[in-house]
Amino acid sequence: MKVHEVNSTTVTEFFMLGFPTLNDYKLPFFSIILLMYFMTICGNLLIILVVSSSRSLHSPMYFFLTQLSFTDILLSTTIVPNMLHIVLCEGSYVSLITCLIQYYFFIASESLECLLLTVMSYDRYQAICNPLHYNMVMDLTFCLKAVLLCWVMMIAVTLTLSVTMSHLWFCGPNVIDHFFCDFDPLLELSCSDTLFIKIEGMILAVPIVPCPFIVILVSYMYIIITILKIPSVTGRQKTFSTCSSHLAVVSLYYGSLIIMYLFPNMGNVKKILSLFYTVVTPLLNPMIYSLSNRDIKQAFRKLSSKMLAVL
């Protein structure tokens, strides 16, 4: 497929390369990603349904989990359908407006995920380190305010970046060597002075990525110290199990995110890491929480029994 050659005119569309080296593996790769997307949507919707329908799961931890599941659905739906089209067609054109809209939703879902994981770590800190006052601190009002604050911060960051990005001028090459519209690939193609937006992006990233990560680390430092003080091995294992799912999700998400942004110029490795936190992580999150959580499994069995009884 021929790509537009643009020198000085305004670019109104980009050509997404995606994964040009797949060759004979195109259809298997397409099938795997499609299956993963289907499982991601079903798994996260199931988490939301099970938590909503079971009174025993009406607690702060599971309330935040439903928010996380919604965010994973948003992230996957923002990235995967267009990526599948790119893989099937061995590259695809996308308009500038569509590209920017995809970037806005991508940033929104990523920001919201970081903030929600932070709130969930605070919830685990209160449950383990301050159990006597847990119900008093983590009441419904606090949970609603925490989620609302996450949404407000996410919207503020997304709108600020979106206004600046919309003023960028694209006049040169229109080929994006990626499978979605990300920050760095777009700036590399812009003919505008990108110094301001790079500085703006770094400043806006502070309350979204580094600060939440530090809060999570500090929370788990106190959690680990509290667990080590428990005299019995059984007690330590039981207490740790209440936060093991969240710790696994945090490790997967921040691990791939930190590696990718610490080493931004790694070619295909960057694509693989991007694939991990945009496609694989949203799939693994509901699996991690459902497979390792006895309460969710019991609630799922009850819900299944009720549905079978109705049928």
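These notes cover the structure that comes with them. Residue positions are given per chain, counted from 1 along the sequence in the order it is written. Where totals are concerned, whole chains, interfaces and linings use all residues; where local detail is concerned, this predicted model gives features only for residues with pLDDT of at least 70, and gives and counts side-chain atom pairs only at 80 or more. Note that the side-chain values use all heavy atoms of the structure and ignore hydrogens as well as water.

**Here's the deal with the state of the cysteines**
Rule in force here: Note on disulfides: each one is a pair of cysteine sulfur atoms within 2.5 Å. Helix numbering and strand numbering both begin at the N terminus, where a helix is a DSSP run of H or I of at least 4 residues and a strand a DSSP run of E of at least 2. Remark: exposure states derive from per-residue accessible area (1.4 Å probe, protein chains only) relative to the maximum for the residue type, with buried under 20%, exposed over 50%, and partly exposed in between.
Counted according to the given criterion, the structure contains two disulfides. The disulfide bridge from C99 ends at C181, spanning 1.8 Å between sulfur atoms. Taking the sign of the torsion about the S-S bond as the criterion, the disulfide between C99 and C181, at about -120°, is left-handed. With C99 in helix α3 (residues 96-129) and C181 in the loop between β3 (175-176) and α6 (183-189), this pair connects stretches of sequence that are 82 residues apart. Counting only the cysteines that take part in disulfides, in the order they occur along the protein chain, gives the pairing 1-3, 2-4. Just so you know, C211 is unpaired, no disulfide at all, and the nearest cysteine sulfur is the one on C114, 11 Å from it. The class for C211 is partly exposed, based on a relative accessible area of 36%.

**Quick word on the packing of helix α2 (residues 60-89) against helix α5 (residues 140-165)**
Stated formally: Between N-to-C directions, angles cover 0 to 180 degrees, with each direction set by a line fitted to C-alpha atoms, over the stretch in contact for helices. Each angle receives one of four descriptions, namely roughly parallel if under 35 degrees, roughly antiparallel if over 145, roughly perpendicular if within 65 to 115, and oblique otherwise. When the near helix sits turned anticlockwise from the far one by under a right angle, the crossing is termed left-handed; a clockwise turn instead gives a right-handed crossing. Any two residues whose heavy atoms approach within 4.5 Å at even a single point are treated as in contact. Residue classes follow a fixed rule: Ala, Val, Leu, Ile, Met, Phe, Trp, Tyr, Cys and Pro count as nonpolar, while Asp, Glu, Lys and Arg count as charged, and any other residue, Gly among them, counts as polar.
At their nearest, the axes of α2 and α5 sit 11 Å apart, and the two run at 25° to each other. Classed by the angle they form, the pair α2 and α5 counts as roughly parallel. α5 is crossed by α2, and the crossing has right-handed handedness. Across the interface between the two elements, P60, F63, F64, Q67 and F70 from α2 touch C143, L144, A146, V147 and W151 from α5. When the residues that make up the contact of α2 with α5 are grouped by side-chain class, the tally is nine nonpolar, one polar and no charged.

**Quick word on the packing of aromatic side chains**
In this description, an aromatic ring pair is defined by two values, namely the gap between the centres and the angle between the planes. To keep it simple, the criterion reads: Pairing of aromatic rings covers Phe, Tyr and the six-membered ring of Trp, with a centre-to-centre limit of 6.5 Å; geometry is then stacked below 30 degrees between planes, edge-to-face above 60, and tilted otherwise. Definition used: whenever NZ (Lys) or CZ (Arg) falls within 6 Å of the ring centre and also within 35 degrees of the ring normal, the charge is taken to sit over that ring.
One pass over the structure, following the stated rule, counts 16 aromatic pairs. Ring centres of F106 and Y277 lie 6.4 Å apart, and the angle between their planes is 35°; on these two criteria the pair is classed as tilted. A residue pair is termed long-range when its members are at least 10 positions apart, and F106 in helix α3 and Y277 in helix α10 (residues 268-291) qualify at 171 residues. In terms of burial, F106 and Y277 fall into one category: buried. Centroid distance F213 to Y254: 5.0 Å. Interplanar angle 35°. Geometry classified as tilted. One end of the pair, F213, is in helix α8 (residues 210-228); the other, Y254, is in helix α9 (residues 233-262), and 41 residues separate them in sequence. Aromatic rings pair up to connect F19, F29, F106, F179, F180 and Y277 into one cluster. Positioned over the ring face of F19 is K271, at 5.8 Å from the centre of the ring.

**Here we look at the nonpolar core**
The tendency in soluble globular proteins is for nonpolar side chains to be buried side by side. Formally: Put simply, buried Ala, Val, Leu, Ile, Met, Phe, Trp, Tyr and Cys residues joined by side-chain atoms within 4.5 Å make one nonpolar core.
In this structure, F14, I33, Y103, L117, M165 and L186 are the most contacted members of the largest nonpolar core, which totals 89 residues. The element contributing the most residues to this core is α3, with 16 residues. What I33 contacts, discounting residues up to four positions off in sequence, is V80, M83, L84, L275 and V279.

**Details of helix α7 (residues 195-205)**
Heads up, the condition is: Arc definition: directions from the helix axis to the C-beta atoms.
Along α7, the residues classified as buried are I197, E200, G201 and L204. For α7, the arc enclosing every buried residue in end-on projection is 100°, short of the 170-degree limit, so these residues lie on one face. Across α7 from its buried face, at more than 90 degrees, point the exposed residues L195, M202 and I203. Contacts made by the buried residues of α7 are with α5 and α6.

**Concerning the packing of α3 against α5**
In contact at an axis separation of 9 Å, α3 and α5 are set at 150° when each is read in the N-to-C sense. Here α3 lies roughly antiparallel to α5, going by the angle between them. For the crossing formed where α3 meets α5, the hand is right-handed. Contacts between α3 and α5 involve L100, Y103, Y104, I107, A108, S111, L112, L115, L116, V119 and Y122 from the first element and F142, A146, C150, W151, M153, M154, V157, T158, L161, S162 and M165 from the second. Here the residues of the contact of α3 with α5 are counted per class, giving 19 nonpolar, three polar and no charged.

**Details of the pairing of strand β2 (residues 92-95)**
Stated precisely, the cut-off is as follows: We treat two strands as partners when DSSP finds at least two bridges between them.
Residues S92 and V94 line the buried face of β2, whereas the alternating positions Y93 and S95 sit on a face that is not buried. Alignment of strand β1 (residues 13-16) against β2, held across four bridges, turns out to be antiparallel. Counterpart to F14 in the pairing with β2 is V94.

**Thoughts on α5**
Heads up, the condition is: For a helix, the expected span equals 1.5 Å multiplied by the residue count minus one.
Taking 1.5 Å per residue as the helical rise, α5 with its 26 residues ought to reach 38 Å, and the 37 Å between its terminal C-alpha atoms agrees with that figure. Residues of α5 that are buried: C143, A146, V147, C150, M154, V157, T158, L161, S162, T164 and M165. In the core, the buried residues of α5 are packed alongside α2, α3, α6 and α7.

**Section: the pattern of salt bridges**
Just so we agree on the cut-off: The term salt bridge refers to a side-chain nitrogen of Lys or Arg lying within 4 Å of a carboxyl oxygen of Asp or Glu.
Summed over all chains, the structure comprises three salt bridges. As a salt-bridge pair, K26 and E90 come within 3.5 Å of each other at their nearest N and O atoms. Highlighted residues: K26 in helix α1 (residues 26-53) and E90 in the loop between α2 and β2, separated in sequence by 64 residues. D177 is the partner of K271 in a salt bridge, and the nearest nitrogen-oxygen pair spans 2.7 Å. A residue pair is termed long-range when its members are at least 10 positions apart, and K271 in helix α10 and D177 in the loop between β3 and α6 qualify at 94 residues. Among the residues examined, K271 registers a relative accessible area of 3% and is labelled buried. The exposure class assigned to D177 is partly exposed, which follows from its relative accessible area of 48%.

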